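# Overview (structure and organization)
Take a look at the letters that make up each chain.
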Amino acid sequence: MKSINRRNFLILGTSTTILALGTHQVIKKLQSNNNDFSNKSYALNSQNIISSQNGLLETTLEASYQEVPLGNRTAKLLTYNGQVPGPRLEAKPGDKVRLHFVNNLSQSTNIHYHGLHLPPTGNADNVFLEVKPKEKLTYEFEISPKQTGGINWYHPHLHGLVAEQLSGGLAGLFIIRDQLDEIPEIKAAKEEFLVLQDFSLDDNGDLLPSNRMPLMMGREGNVITVNGKINPSFSVPENGLLRLRIVNASTSRFYNLSLENHPFYLIANDGTTLEKPIELSEILLTPGERVEVLIKGDKNPGNYQLVSLPYNRGSMGMMGGGMMGGGMMGRGRMGRGMMGNRRNNIDNNSPIPLATINYENAVTPLNLPTELMPISPLPQPQNTRQFSLNHGMSPGIGMAFLINGEPYQHDTVQTQVKLNTVEEWEIINTGVMDHPFHVHTNKFQVMSRNGIPNPYPTWKDTILVRRGERIRIRIPFEDFTGKTVYHCHILDHEDLGMMGSLLINA
Ligand SMILES: [Cu+2]
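On a predicted model such as this, the values are computed, not experimentally measured, just so you know.

Along the backbone of the protein there are six helices and 33 strands. Long-range contacts, defined here as pairs at least 24 residues apart, represent 80% of the contacts in the protein between residues at least 6 apart. For the protein, the accessible area works out to roughly 19400 Å², and carbon and sulfur atoms hold 49% of it.

This part is about the coordination of the copper ion. The protein atoms donating to the copper ion are H435 (ND1), C488 (SG) and H493 (ND1), with metal-donor distances spanning 2.0 to 2.1 Å. For the copper ion, all donor residues lie on one chain, and their spacing in sequence is H-x52-C-x4-H. Taken as a pair, H435 in strand 26 (residues 435–439) and C488 in strand 32 (residues 482–488) lie far apart in primary sequence, 53 residues in all. In this pair, the class of H435 matches that of C488, namely buried.

The next subject is the nonpolar core. Note that soluble globular proteins tend to have their nonpolar side chains buried in a common cluster. Among the nonpolar cores identified, the biggest contains 36 residues, and F401, W425, F437, V439, Y486 and L502 are the most heavily contacted of them. Counting residues domain by domain, this core receives three or more from each of domain 2 (184–312 + 348–362) and domain 3 (383–504). In contact with Y486, not counting residues within four places along its chain, are F387, I403, Q414, T415, W425, F437, H438, V439, M499, G500, S501 and L502. Listed in part, the 29 residues of the second largest apolar core include V226, F234, Y304 and I352.

This part takes up the side chain of E424. In this fold, E424 is placed in strand 25 (residues 422–429). Under the relative-accessibility criterion, E424 is labelled buried at 8%. Aside from chain neighbours lying at most four places away, what touches E424 is P381, N383, T384, R385, M447, R472, I473 and R474.

This paragraph deals with the sheet that holds strand 2 (residues 49–51). Note: strands within a sheet are paired through backbone hydrogen bonds, in either parallel or antiparallel orientation. As summarised here, the arrangement of the five strands in space is 2-5-10-9-7, forming an open sheet in which the pairing is mixed. Of all the strands in the sheet, just strand 2 and strand 7 (112–114) have a single pairing partner and so form its edges. The mean angle between the axes of side-by-side strands here comes to 25°, regardless of whether they run parallel or antiparallel. Where strand 2 and strand 5 (residues 88–91) come together, three bridges link them in parallel fashion. Its bridge partner lying in strand 5, I49 is registered against R88.

Summed over the entire model, instances satisfying the criterion amount to 13 aromatic pairs. An angle of 40° between the planes, with centres 6.1 Å apart, marks the rings of F387 and F437 as tilted. With F387 in strand 22 (residues 383–394) and F437 in strand 26, the pair connects residues that are 50 residues apart, well separated along the chain. Residue classification places F437 among the buried positions, given a relative accessible area of 1%. Taken together, the ring pairs in this structure connect F101, Y113, Y139, F141 and F174 into an aromatic cluster. Directly above the ring of F128 sits K483, whose terminal nitrogen or CZ lies 4.5 Å from the centroid.

Before going further, it helps to spend a moment on the pattern of salt bridges. In the structure shown here, the tally under the stated rule is 37 salt bridges. Note that D270 is salt-bridged to R290, the shortest N-O span being 3.8 Å. Of the two residues, D270 sits in the loop between strand 16 (264–269) and strand 17 (272–280) while R290 sits in strand 19 (residues 290–296), which places them 20 residues apart along the sequence. Take D270: its relative accessible area is 0%, and that puts it in the buried class. Looking at R290, the relative accessible area reads 0%, which means it is buried.

Here the residue pair V84 and P85 is connected by a cis peptide bond, since its omega of -5° sits within 30 degrees of zero. By the element assignment, P85 lies in the loop between strand 4 (73–80) and strand 5. Of note, N239 is a non-glycine position whose phi angle comes to about 75°, a positive value. Position of N239 among the secondary structure elements: in the loop between strand 13 (233–237) and strand 14 (241–248).

Bringing the confidence of the model for the protein into the picture now. Summing up the model confidence of the protein, the mean pLDDT is 86 and the portion of residues at 70 or higher is 84%. Within the model, pLDDT remains below 50 along residues 13–46, and this stretch shows 73 contacts once partners closer than five positions in the same chain are excluded. Segment residues 318–343 is flagged for pLDDT under 50; beyond a separation of four residues in sequence, or across chains, it makes 65 contacts in the model.

Quick look at the pairing of strand 32 now. Here strand 32 lies mainly inside the structure; six of its seven residues are buried. Bridging between strand 26 and strand 32 involves three bridges; their strand directions are antiparallel. Within strand 32, the residue paired with F437 across the bridge is C488. Two strands pair when backbone bridges link them, and strand 32 and strand 33 (residues 499–505) are joined in this way by six bridges, in the antiparallel orientation. Looking across to strand 33, one finds that G482 is bridged to I504.

What counts, and at which threshold
Residues numbered from 1 in each chain as written. Predicted model: local features only at pLDDT ≥ 70, side-chain atom pairs only at ≥ 80, totals over all residues. Heavy atoms only, no water. Helix = DSSP H or I, 4+ residues; strand = E, 2+ residues; numbered from the N terminus. Contact = heavy atoms within 4.5 Å. Areas by Shrake-Rupley, 256 points an atom, 1.4 Å probe, with all protein chains shown as cover. Donors = N, O, S within 2.8 Å, 3.2 Å for Na, K, Ca; no water. Buried < 20%, exposed > 50% of the residue type's maximum accessible area, 1.4 Å probe, protein only. Core = buried A, V, L, I, M, F, W, Y, C linked by side-chain atoms within 4.5 Å. Domains from an automatic or database assignment. Pairing = 2+ DSSP bridges. Axes fitted to C-alpha atoms, helices over the stretch in contact; angles between N-to-C directions. Phe/Tyr/Trp six-rings, centres within 6.5 Å; stacked < 30°, edge-to-face > 60°. Lys NZ or Arg CZ within 6 Å of the ring centre and 35° of its normal. Salt bridge = Lys/Arg side-chain N within 4 Å of Asp/Glu carboxyl O. pLDDT = per-residue confidence, 0-100.

And the structure:
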């Protein structure tokens, strides 16, 4: 890659924004009504769980291109062990993991263990490794005894191909079990996992190629699946509790979750437990994020729809006309609904059904837990930094997504920190689209949003920074040295440059 510096980039700030207006009609027209999947549930595969035995999780994981049943057709997707999503891995703090990875794709790939506190080097959570086609690599690491129980996940992380490979289906859960699972009310709750993915498929079940425009917005698929199924059903015991453990494994799509007539009781996010349940009517789940919620089976027995409510994550509307030339992105065609895919038959302006929650046999009434796990506040930071998120144009390079005015460059270290220190980072979004900011290796605590303290203590590894927002996070660098990364989890943005490398020095 050419050497680039920030002076070369014309930053496209909010002052140049022209949001597309009056596009709804256009979008509606383009969304054909031939979606025959709604209200049906089709199995892609049976759930496959691989758990650690006697302190060791050892398995083979093969990435390959496979045909899998999807709705009334067969879809040709990228799979782990022939499945979408891949097998669910389960381990405990302190367990050893030996994962024999085989790449039977036609392009290079690798694996990132999102949410796990692992060395970013060697054959552990090293995103700089490249496993070429037909090659094998054994990933080997120990789950830190400090790792807390929760939902983590694995997916490819080879810069430049991440979005393409995730949008083809490559993702799987990596669950850590610990004390949270032993809290009596949670232990008694019914547990279900929901892996949210979306795919851009044509009528033959082939993945549609993405052109550049949806990539800049962040591609969204025309088929949404939960555990590889379309609108599957889950049941809540009448009077009991249902524990939904949800990951957004989509490339770019945000899910604004809401369950008809039922509040959510949030108990954990990003693989880390909260101090007490928090009642919420909606939860915005951005790519990479996870939540755990309890649902109370205390309403009239029946069927209730889990939906994604409309949410506007911004648009590239300011790029119409001269910036891109050719008028291919004229104002009338800039709406969010069609940006992801021209064959989009999902109406992003209406609630999108994700799953149906049914009532099942009554149980002895079960209360919500009142106390979960304590969260200790972090000490004062030894250092503070700012990261600004935006995108810009440069002659000969085109559009790039930038952090502090620079796109990711493989041979440059953008940020250096010292092991066993705590830093406070301010992440500022000066652009026109929302960006979920993800840090590898170490989790962080959310301090404030636009100067307002976070309403409850929480650990996160991915945090939404909406356009115009300033988020403060506090992050301890513990246990591992080496080079790792931070990036936008709209994976098209990451591939287009919105990533930085972070060197943790001894
Ligand atoms: Cu982004």
